[in-house]
Amino acid sequence: IERRLSVIPTCADLTVFTPAYEGKPQPFVLGYVGSIGTGYLFEETLRLFAAIQLKRPDARLLVVNRHDSQRIEAMLDAFGLSRSQYDLTSADHGTVAQLVRRMSAATAFYRPGFSALGRAPTKLAEYLGCGIPCVGNAGVGDMEKILDANNIGVTLRDFSASEISRGASRILEVAEDQSTSHQCRAVAQRLFSLESGVRAYADIYETFCV
């Protein structure tokens, strides 16, 4: 019996999530988009930001979230961040792209587990579509293969202090490379294009209809 498999990752509309090539944000802006529920590791983003601040004291944090602003503010305050060090904003899907373009780099941290092995984060596709490099964690889909192999980010092996420090140094290097934005966009077009996903689904339906 012939068996055919099609793998279609989470896709992004790359006509909406487009880069801003006029230059990198100044100062360095670390971004976070989305929820902070049990499957997400928001505190680890704060730890990474603290490590980045040790190397770039003027760095800022940009958090885009629709429903958890009070909880996030409490976490930011408890972590010792002043209001001058971060921006917390809400956005609908139509305005997320323009906020992502303000970032120098962004995070996509998820709680490891069996289900995470098959995860293809939507936010990763959207970051890369906007030309923004990403910091992810191992054990989440093909994160390591996508980010490290293509030099468009860094994958943390764990969340130890030394590994977070390494990730902070590496993402600063990647974000400052003039070729990174174009490379992020190229990888997004190759792996996460909505048009490619639609064609792959169409091929599957045509196979069953023949």
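Bear in mind that the values here come from a model prediction, so they are computed numbers and not experimental data. (Residues numbered from 1 in each chain as written. Predicted model: local features only at pLDDT ≥ 70, side-chain atom pairs only at ≥ 80, totals over all residues. Heavy atoms only, no water.)

Student: Honestly, the overall build of the protein in this entry has me stumped. Any pointers?
Tutor: When helices and strands are tallied, the protein shows eight helices and six strands. Reading the protein from its N end, one meets helices and strands in the order β-α-β-α-β-α-β-α-β-α-β-α-α-α. The proportion of buried residues among the 210 residues of the protein is 43%. The contacts of the protein with a sequence gap of at least 6 include a subset with a gap of at least 24, amounting to 73%. For the protein, the accessible surface area stands at approximately 10900 Å², while carbon and sulfur atoms represent 51% of it. (Helix = DSSP H or I, 4+ residues; strand = E, 2+ residues; numbered from the N terminus. Buried < 20%, exposed > 50% of the residue type's maximum accessible area, 1.4 Å probe, protein only. Contact = heavy atoms within 4.5 Å. Areas by Shrake-Rupley, 256 points an atom, 1.4 Å probe, with all protein chains shown as cover.)

Student: Can you help me understand unusual backbone geometry in this one?
Tutor: Only a minority of non-glycine residues have a phi that is not negative, and only a minority of peptide bonds are not trans. Within the chain, Asn-151 stands out as a residue other than glycine whose phi angle is a positive 55 degrees. Checked against the element boundaries, Asn-151 lands in the loop between helix H5 (143-147) and strand E6 (153-156). On the basis of relative accessibility, which here comes to 45%, the residue Asn-151 falls in the partly exposed class.

Student: Just checking my understanding: could you explain the side chain of Asn-137 for this structure?
Tutor: Relative to the helices and strands, Asn-137 resides in strand E5 (residues 134-137). On the basis of relative accessible area, Asn-137 is assigned to the buried category, the value being 2%. A polar contact is formed between the side chain of Asn-137 and the backbone oxygen of Tyr-110, at a distance of 2.8 Å. Once residues lying within four places of it in the same chain are set aside, the contact partners of Asn-137 are Leu-41, Ala-108, Phe-109, Tyr-110, Pro-112, Met-143, Thr-155, Leu-156 and Phe-159. (Polar contact = N/O pair within 3.5 Å; in protein donor to acceptor, adjacent residues only side chain to side chain.)

Student: Is there a simple way to think about the environment of Leu-191 in this case?
Tutor: Within the secondary structure layout, Leu-191 lies in helix H7 (residues 180-191). Separated by 66 residues in the primary sequence, Leu-191 and Ala-125 have C-alpha atoms spaced 8.3 Å apart.

Student: Explain the nonpolar core to me, please; I cannot follow it from the model alone.
Tutor: Looking at soluble globular proteins, one finds that nonpolar side chains tend to be buried together. With 32 residues, the main nonpolar core has Val-100, Met-103, Leu-124, Tyr-127, Leu-128 and Ile-146 as its most contacted residues. Among the secondary structure elements, those contributing two or more residues to this core are strand E1 (29-33), strand E2 (60-64), helix H3 (93-100), strand E4 (105-108), helix H4 (122-129), H5 and H7. In this structure, Tyr-127 is in contact with Gly-31, Tyr-32, Val-33, Val-100, Met-103, Ala-106, Thr-107, Ile-132 and Cys-134, ignoring residues within four places of it in sequence. Formed by 30 residues, the second largest nonpolar core is a distinct cluster that contains Phe-28, Leu-46, Leu-76 and Ala-105. (Core = buried A, V, L, I, M, F, W, Y, C linked by side-chain atoms within 4.5 Å.)

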